[in-house]
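# Structural characterization, general
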Amino acid sequence: MGILDIILLSIALAMDSLTVAIAAGLIIKEHKSAIVWRMAVIFAIFQGVMPLVGYYSGYFFKDQIQEFDHWIALIVLLILGVKMIRDGVKSDVVDDDRSESLRSMSWSTTIMLAVATSIDAMATGIIFVPFSYLTLIMAISIIAIVTFIFTFLGNYVGAKYGDYLELRVEIFGGLILIGIGVKILIEHMWFQ
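Predicted, not measured: the structure shown is a model, and the values here were computed from it. (Residues numbered from 1 in each chain as written. Predicted model: local features only at pLDDT ≥ 70, side-chain atom pairs only at ≥ 80, totals over all residues. Heavy atoms only, no water.)

Attention shifts here to the confidence of the model for the chain. As a note on interpretation, predicted positions should not be read in detail where pLDDT is low. For the chain, per-residue confidence averages 76 on the pLDDT scale, and residues scoring 70 or more make up 73% of the total. In the model of the chain, helix H5 (residues 92-102) stands out as the element of lowest mean pLDDT, 50, in contrast to helix H7 (residues 133-161), which has the highest, 89. (pLDDT = per-residue confidence, 0-100. Helix = DSSP H or I, 4+ residues; strand = E, 2+ residues; numbered from the N terminus.)

Here it is as structure tokens:
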């Protein structure tokens, strides 16, 4: 897995965080520094740690799954991609539910949202089992940095331009995940 693949994966995984940050900015209506920094840091930490959890969950079964790990990567990324696309086309009822949970932006709300937006990252961690530990560390770092940036900027965009935008970034993220899964399968099937 190359650096471009990791960056694209990071962007796809950060879409949930971006969406929540835009919604938070839209609801709070201002770019409050303390809330934005707390949200960006906590989201980045969870998004960076969760792939490590997924990696170690899959690592113990490395010898058993080595022959078909590319299929596992495809299936995991396909399921997550379809889920993100489906979430992106859901009705506004979901947005209303999300907005209620964002009103307070307390520590507990922020942590709950960080966990919810990083579940996909945990599942994605298993795709790094066939790669070197250095690749995993690089991926975790990039995922955390991209999530931080997207969360920080998403809050600003939501506060400043949220009323004008109807963003469904989950669809874009889902398509990226599916594309990476297909690329992993093709590389394994034809180039090994």
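The subject of this paragraph is the environment of Thr147. Among the structural elements, Thr147 can be located in helix H7. On the basis of relative accessibility, which here comes to 0%, the residue Thr147 falls in the buried class. In the structure, Thr147 is positioned 135 residues away from Ala12 in sequence and 9.7 Å away in space, judged by C-alpha atoms. Ignoring any residue separated from it by four or fewer positions in sequence, one finds Thr147 in contact with Ala14, Ser17, Phe43, Ala44 and Gln47. (Buried < 20%, exposed > 50% of the residue type's maximum accessible area, 1.4 Å probe, protein only. Contact = heavy atoms within 4.5 Å.)

Right, let's get into the packing of helix H2 (residues 33-59) against H7. Contact pair H2 / H7: the axes reach a minimum separation of 8 Å and the direction vectors enclose 155°. Overall, the two elements H2 and H7 adopt an arrangement that is roughly antiparallel. For the crossing formed where H2 meets H7, the hand is right-handed. Taken together, the residues of the contact of H2 with H7 sort by class into 18 nonpolar, five polar and no charged. (Axes fitted to C-alpha atoms, helices over the stretch in contact; angles between N-to-C directions. Parallel < 35°, antiparallel > 145°, perpendicular 65-115°, else oblique. Left-handed = near helix turned anticlockwise from the far one by under 90°. Nonpolar A, V, L, I, M, F, W, Y, C, P; charged D, E, K, R; others polar.)

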